[in-house]
Amino acid sequence: MTNGGEVAHGYPHLGTVRAAITALYRRLSPEGIRSYAPSVAPADVAFSDLDDLHLGTQRVAHALVQQLRLPDARMIVSFREMDQAASVELAAGPEYFIELNNRFRTHRRDIGAALAHEITHVLLHRLGLGFPGTHDNEILTDTATTYLGAGWLLLDAYREDRDSSQKLGYLTPEEFGYVLAKRAMVFDEDPRIWFTSPQGYTSYTKGRAQALRDEQQPPLTTAGWTGRHRYAKDRRYALDHLGGGHTPSHPGGPAADPPGDLSAPYSFERQPDGPRVSFPCPTCLQRIRVPIRGRVRARCGLCRTVLDCDT
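Residues numbered from 1 in each chain as written. Predicted model: local features only at pLDDT ≥ 70, side-chain atom pairs only at ≥ 80, totals over all residues. Heavy atoms only, no water.

Details of the side chain of Thr-57
Considering the arrangement of structural elements, one finds Thr-57 in helix H3 (residues 53-67). Note on Thr-57: relative accessible area 1%, which makes it buried. (Helix = DSSP H or I, 4+ residues; strand = E, 2+ residues; numbered from the N terminus. Buried < 20%, exposed > 50% of the residue type's maximum accessible area, 1.4 Å probe, protein only.)

Given below as structure tokens:
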């Protein structure tokens, strides 16, 4: 787990983040995802300067083990000088060894954030869930930590002023906010009351706005006038240019999408039973295909969210 350096902003990893949410639903199922309610409570991971360092660390680790549904996993936590913020030794268990950077001896309020990321590594290891490549796997870990109810700690650990900055994890602050907002919509939570970091609060607000845009993209009926108008224009173009056979879709738009519009969140294809539009489910981000026939209701086959569409 990394820390420090110049803080990047925006959504450079959004594609991997969305793939990570889909992967969680595929591995855990919708019922499994909802078993991670509610999020870990601030009181359960609070760490006072008056608390004993090692006893307090074990108490917080135990709370996070419970949040991440690892009841038979024991975390042995130690502190040492190291370049990164924290690391974990992944083995068969049930004992796992976590090392935290020595600076957390005096920055105890962020011990929960560092532990949350490392304990999620243990969870994903046990689930057999991973992405190719170290960097993408770390993005998966941050996303899983947040979506399963412990990652608000990572966003709350983000602080920045004129002279210094701190951010834990691999997602940008806005990406943490995005994932946290996606969780909040499913679990009907409001994490804003948990933040002690003003920068974390602001980043959540920005990420939430991005997450809300997922809920307002055509062909969903919640799309605004501009989106519906663009969709109608793109649909006309696609229907005019789709050939008689199958035209495969892919992220960024199929061959039948209008020239230059490679960022469309939907794509069109010809099927034997008629043209279809595919788009990402706003909940689990798996792509859904529905017939182009006006108003339809679609149920996502992965998360089972029911969506009202105007195709």
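Moving on from the coordinates now.
Remarks on the pattern of salt bridges
All told, the structure shown has 13 salt bridges when counted by the stated rule. The residue Glu-99 makes a salt bridge to Arg-80 at a minimum N-O spacing of 2.8 Å. Pair noted here: Glu-99 is in strand S3 (residues 95-101) and Arg-80 is in strand S1 (residues 74-80), with a separation of 19 residues, a long-range link. Its salt-bridge partner being Arg-159, residue Asp-110 comes within 2.4 Å of it at the nearest N-O pair. In this pair, Asp-110 sits in the loop between S3 and helix H4 (111-127) while Arg-159 sits in strand S4 (residues 159-160), placing the two residues 49 residues apart along the sequence. For Asp-110, a relative accessible area of 2% translates into the label buried. Several salt bridges share partner residues, and in doing so they unite Arg-18, Lys-182 and Asp-214 into one network. (Salt bridge = Lys/Arg side-chain N within 4 Å of Asp/Glu carboxyl O.)

Regarding the pairing of strand S9 (residues 295-299)
Burial of the side chains of S9 is restricted to one face: Val-296 and Ala-298 are buried, whereas none of Arg-295, Arg-297 and Arg-299 on the reverse face is. Where S9 meets strand S10 (residues 306-310), five bridges bridge the pair, whose relative direction is antiparallel. Looking across to S10, one finds that Val-296 is bridged to Cys-309. Counting the residues in the hairpin turn of S9 and S10 gives six residues, including Arg-304, whose phi is positive at 70°. (Pairing = 2+ DSSP bridges.)

Side note on the nonpolar core
Within the largest apolar cluster, 90 residues are counted, with the highest numbers of intra-cluster contacts made by Leu-64, Met-75, Leu-100, Leu-115 and Ile-119. No other element matches the 10 residues that H4 contributes to this core. Here Leu-115 is in contact with Thr-57, Val-60, Ala-61, Leu-64, Val-77, Ile-98 and Leu-100, once residues within four sequence places are set aside. (Core = buried A, V, L, I, M, F, W, Y, C linked by side-chain atoms within 4.5 Å. Contact = heavy atoms within 4.5 Å.)

Quick word on the packing of aromatic side chains
Enumeration according to the criterion identifies six aromatic pairs in this entry. On the numbers, 6.1 Å between centres and 40° between planes, the contact of Phe-195 with Tyr-204 is tilted. Note on accessibility: Phe-195 and Tyr-204 belong to one class, buried. Here the guanidinium or amino end of Arg-69 rests over the ring plane of Tyr-36, the centre of that ring lying 5.2 Å away. Over the ring of Phe-187 we find Arg-183, and its NZ or CZ is 3.8 Å from the ring centre. (Phe/Tyr/Trp six-rings, centres within 6.5 Å; stacked < 30°, edge-to-face > 60°. Lys NZ or Arg CZ within 6 Å of the ring centre and 35° of its normal.)

Points about the packing of helix H7 (residues 173-187) against helix H8 (residues 198-214)
Contact pair H7 / H8: the axes reach a minimum separation of 7 Å and the direction vectors enclose 55°. Of the possible angle classes, the one that applies to H7 and H8 is oblique. Of the two possible hands of crossing, H7 and H8 adopt the one that is right-handed. Contacts between H7 and H8 involve Pro-173, Glu-174, Gly-177, Tyr-178, Leu-180, Ala-181, Lys-182, Ala-184 and Met-185 from the first element and Ser-203, Tyr-204, Lys-206, Gly-207, Arg-208, Gln-210, Ala-211, Leu-212 and Asp-214 from the second. A breakdown of the residues in the contact of H7 with H8 according to their chemical character gives nine nonpolar, four polar and five charged. (Axes fitted to C-alpha atoms, helices over the stretch in contact; angles between N-to-C directions. Parallel < 35°, antiparallel > 145°, perpendicular 65-115°, else oblique. Left-handed = near helix turned anticlockwise from the far one by under 90°. Nonpolar A, V, L, I, M, F, W, Y, C, P; charged D, E, K, R; others polar.)

Notes on the sheet that holds S3
Spatial strand order, S1-S3-S2: three strands in an open sheet with mixed pairing. Among the strands making up the open sheet, the edge pair consists of S1 and strand S2 (86-89). Strand-to-strand twist of the sheet, defined as the mean angle between neighbouring strand axes without regard to direction, takes the value 20°. Here S1 runs beside S3; their pairing, made up of seven bridges, is parallel. Within S3, the position partnered with Val-77 by the bridge is Ile-98. Here H4 sits on the sheet and contacts S1, S2 and S3; the angle it forms with S3, its principal contact strand, is near 145°.

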